[in-house]
Amino acid sequence: MIRFENVSRSFFNKVIVEDINLEIADNSITCLIGESGGGKTTILKMINRLIETSSGKITINNQDIAKQDPIKLRRRIGYVIQQTGLFPHMTIRDNIAIILKMTEEKEKVDERVNELMHMVGLDPNEYLDRYPSELSGGQQQRVGIARAFATDPEIILMDEPFSALDPVTRSSLQDELLKIQNKTKKTIIFVTHDMDEAIKIADKIAIINDGHIIQYDTPENILKHPVNDFVKKFVGEKKIWRSPELIKVEDIMIEHPVTCSPNFSIFYCINKMKMSKVDTLMVINEENILQGILYAASLTNINYDNKKAKDFIEKDFIAAYPTDSIVDLLELIDSHKITTMPVIDKKGHLKGLITRSTLLTYMSQQFLEGDEEK
Ligand SMILES: Nc1ncnc2c1ncn2[C@@H]1O[C@H](COP(=O)(O)OP(=O)(O)OP(=O)(O)O)[C@@H](O)[C@H]1O
Ligand SMILES: [Mg+2]
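How each quantity is defined
Residues numbered from 1 in each chain as written. Chains lettered and ligands numbered in written order. Predicted model: local features only at pLDDT ≥ 70, side-chain atom pairs only at ≥ 80, totals over all residues. Heavy atoms only, no water. Pairing = 2+ DSSP bridges. Helix = DSSP H or I, 4+ residues; strand = E, 2+ residues; numbered from the N terminus. Domains from an automatic or database assignment. Near = heavy atom within 4 Å. Polar contact = N/O pair within 3.5 Å; in protein donor to acceptor, adjacent residues only side chain to side chain. Nonpolar A, V, L, I, M, F, W, Y, C, P; charged D, E, K, R; others polar. Axes fitted to C-alpha atoms, helices over the stretch in contact; angles between N-to-C directions. Parallel < 35°, antiparallel > 145°, perpendicular 65-115°, else oblique. Left-handed = near helix turned anticlockwise from the far one by under 90°. Contact = heavy atoms within 4.5 Å.

Colleague: Describe the pairing of strand β13 (residues 290–295), naming the residues involved and giving the relevant values.
Modeller: For strand β12 (residues 280–284) and β13, the ladder comprises five bridges, and the chain directions are antiparallel. Across the sheet, the residue bridging to I284 is L290, located in β13. Connecting the antiparallel pair β12 and β13 is a turn made up of five residues, with N288 showing a positive phi of about 65 degrees.

Colleague: Can you break down unusual backbone geometry residue by residue, with the values?
Modeller: The phi torsion at N62 lies on the positive side, around 65 degrees, for a residue other than glycine. Within the secondary structure, N62 is located in the loop between β4 (55–60) and β5 (63–64). Residues other than glycine seldom take positive phi values, yet K337 does so here, at roughly 50 degrees. Summarising the element assignment, K337 is placed in the loop between α14 (326–336) and β14 (340–344).

Colleague: Outline the domain arrangement of the protein chain, supporting the account with residue identities and numerical values.
Modeller: When the parts come together, some accessible area is lost, and that loss is often what is quoted as the size of the interface. Under the domain assignment used here, the protein chain contains domain 1 (2–244) and domain 2 (250–362). Measuring from the centre of the C-alpha atoms in domain 1 to the corresponding centre in domain 2 gives 49 Å.

Colleague: Any details on the site of ligand 1? Residues and values, ideally.
Modeller: Of all residues adjacent to ligand 1, which total 13 residues, the nearest are S36, G37, K40, T41 and T42. Between G38 and ligand 1, the recorded distance is 3.2 Å, taken from a backbone N or O atom to an oxygen atom. A total of three residues in the shell around ligand 1 trace back to one element, the largest contributor, which is helix α1 (residues 40–47). When its residues are assigned to classes, the shell around ligand 1 shows three nonpolar, seven polar and three charged.

Colleague: So, the packing of helix α7 (residues 137–149) against helix α8 (residues 167–184): which residues are in play, and what are the values?
Modeller: Two numbers describe how α7 lies on α8: the axes approach to 11 Å, and their chain directions differ by 20 degrees. Considered as vectors, α7 and α8 are oriented roughly parallel to each other. Pair α7 / α8 crosses with right-handed handedness. Across the interface between the two elements, G138, Q141, R142, I145 and F149 from α7 touch T169, S172, L173, E176, I180 and T184 from α8. In the contact of α7 with α8, the residues fall into four nonpolar, five polar and two charged.

Colleague: Describe the side chain of Q68, and please don't skip the residues or the numbers.
Modeller: By the element assignment, Q68 lies in the loop between β5 and α2 (70–75). In this structure the side chain of Q68 is engaged in a polar contact, spanning 3.5 Å, whose partner is the backbone oxygen of D64. Among the polar contacts made by the side chain of Q68, one reaches the side chain of R76 at a distance of 3.1 Å. What Q68 contacts, discounting residues up to four positions off in sequence, is R49, Q63, L73 and R76.

Below, the structure is given as structure tokens:
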């Protein structure tokens, strides 16, 4: 784990980064995002001590990095920057192998360089003997990534590595990075200006402004619960709709559906529906476990003397889980042609209710908000 404890940094008496507290979990991708000049690069460079802290402490696995030899420290930390930082007069092979060669035998180096080229999706036979200028921007950036992974460091710092690339190349490199991360399980800290990029790749996002961390959370929580207007503006009001899989049933469900117990009289149940202006009741037992649904439609033209809710409940129902996404939900509703869907947990406890009109209201709200934005 990388931990920042009350870390500040000033340049010429001007505070650039102030009182940063941050814990970065192993094997995760953390994105630092924010406006230009906010201090993202400074925070990144303090991790490999290209910039020293003015006060506070940074630890890696509980070891204070200020007490470590910076050269050894940097060998454990890969670093990728926007301009790739490849040496123009060296071949791709030499660029990737530059650090490896200091410690490894030639055969080992060759083998590792080949493996790294495959990892970043470049054909070694075609590219290893070329010079950086003979590669496209995207290919150079792949080489930059290969070089950062060369010594198999635990931590990789990436400072806007993809921001100079066209959207298509950028997107495919993001995919590549996720694939590599899945295989190699590094701790990656990734600076970007692009919220869509952060949402796509990050386990956690830190929103940085004016040298402070404004919000540090999962992409899902940042989209759903921006802590203030700055984050809201940064995220964009409608961003959640670009990631509908992050909208969960529990975010939109009715939390306290109208219920009855199986032993209530039908007379009482019908009255309850009328009073609450609903056409279904969720029938639950004493433990709040859903037994079935009572539909108003099934109670017309019956003699309900002495009849109880349990005599008419529909026990064959389809339910959603709170953490199902709205995408799953729409599919369920569509394929089963249902209008009312209870939400239950894995043990069957009633948690809420989704109706077609809940969905419609929620969706139209988003569009209305979107219009206001213009
Ligand atoms: N070596 C330095 N000497 C003086 N000021 C510096 C130095 N490095 C950074 N700064 C200042 O610190 C502030 C934060 O810079 P930093 O590079 O960390 O921002 P950033 O968030 O990475 O910005 P960008 O998105 O433009 O890359 C800026 O105002 C910058 O001018
Ligand atoms: Mg920067």
